[in-house]
Amino acid sequence: MSALISCHAVLAVERGAEHRQFLDFKADRGQRRGERFARGVADGDVPAGADLDALTSFYSSVLQGLSIQARDGASRQQLLAIGRCAMAAWDSLLAVEAA
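Given the structure is predicted, the values throughout are model-derived calculations rather than measurements.

Run through the nonpolar core, naming residues and quoting values.
Residues Phe-37, Val-46, Ala-50, Leu-55, Tyr-59, Val-62, Leu-66, Ala-86, Ala-89 and Leu-94 constitute the largest nonpolar core, which totals 10 residues. Tallying contributions element by element places helix H3 (residues 52–71) first for this core, with 4 residues. Contacts of Leu-55, omitting those with residues within four sequence positions, involve Phe-37, Val-46, Ala-50, Trp-90, Leu-93 and Leu-94.

See the structure below:
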């Protein structure tokens, strides 16, 4: 229920200059994550055919969720468990379909 309320509170915010700054900051962070995944491809850590947009969106969503959970009082153990789940998805997210 608290997640639903948080979601509606965010959506109800007036779309002023502060909101634009927040969106710009969020876009910059996402762009930097995408650039880091691209560097992973160049370094051979991430397969060349991996969907970098999906990786960036997925892990950006996880980080945003972790931030909200931490803000709302989640314990260190809860946050670490979320992180372990996100990293458990890593190998399947890197799976590249054979052409």
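Tell me about the packing of H3 against helix H4 (residues 76–88), and please be specific about residues and values.
Viewed as axis vectors pointing N to C, H3 and H4 meet at an angle of 170°, and their least axial separation amounts to 10 Å. Taken together, H3 and H4 sit at an angle that is classed as roughly antiparallel. Here H3 contributes Phe-58, Tyr-59, Val-62, Leu-66, Gln-69 and Ala-70 to the contact with H4, which in turn contributes Leu-79, Ile-82, Ala-86 and Met-87. Residue composition of the contact of H3 with H4, by class: 9 nonpolar, 1 polar and no charged.

Tell me about the environment of Asp-91, and name the residues and values.
Position of Asp-91 relative to the elements: it lies in helix H5 (residues 90–94). Of the residues examined, Asp-91 reaches a relative accessible area of 62% and is grouped as exposed. C-alpha of Asp-91 to C-alpha of Val-46: the two residues are 45 residues apart in sequence and 9.9 Å apart in space.

Any details on the environment of Leu-79? Residues and values, ideally.
Along the polypeptide, Leu-79 turns up in helix H4. Sequence separation between Leu-79 and Ser-67 is 12 residues; the distance between their C-alpha atoms is 9.3 Å. Excluding anything up to four places from it in sequence, Leu-79 contacts Leu-66, Gln-69, Ala-70 and Ala-74.

What counts as what
- Residues numbered from 1 in each chain as written.
- Predicted model: local features only at pLDDT ≥ 70, side-chain atom pairs only at ≥ 80, totals over all residues.
- Heavy atoms only, no water.
- Core = buried A, V, L, I, M, F, W, Y, C linked by side-chain atoms within 4.5 Å.
- Buried < 20%, exposed > 50% of the residue type's maximum accessible area, 1.4 Å probe, protein only.
- Helix = DSSP H or I, 4+ residues; strand = E, 2+ residues; numbered from the N terminus.
- Contact = heavy atoms within 4.5 Å.
- Axes fitted to C-alpha atoms, helices over the stretch in contact; angles between N-to-C directions.
- Parallel < 35°, antiparallel > 145°, perpendicular 65-115°, else oblique.
- Nonpolar A, V, L, I, M, F, W, Y, C, P; charged D, E, K, R; others polar.

By themselves, these are just geometric observations and shouldn't be taken as functional.
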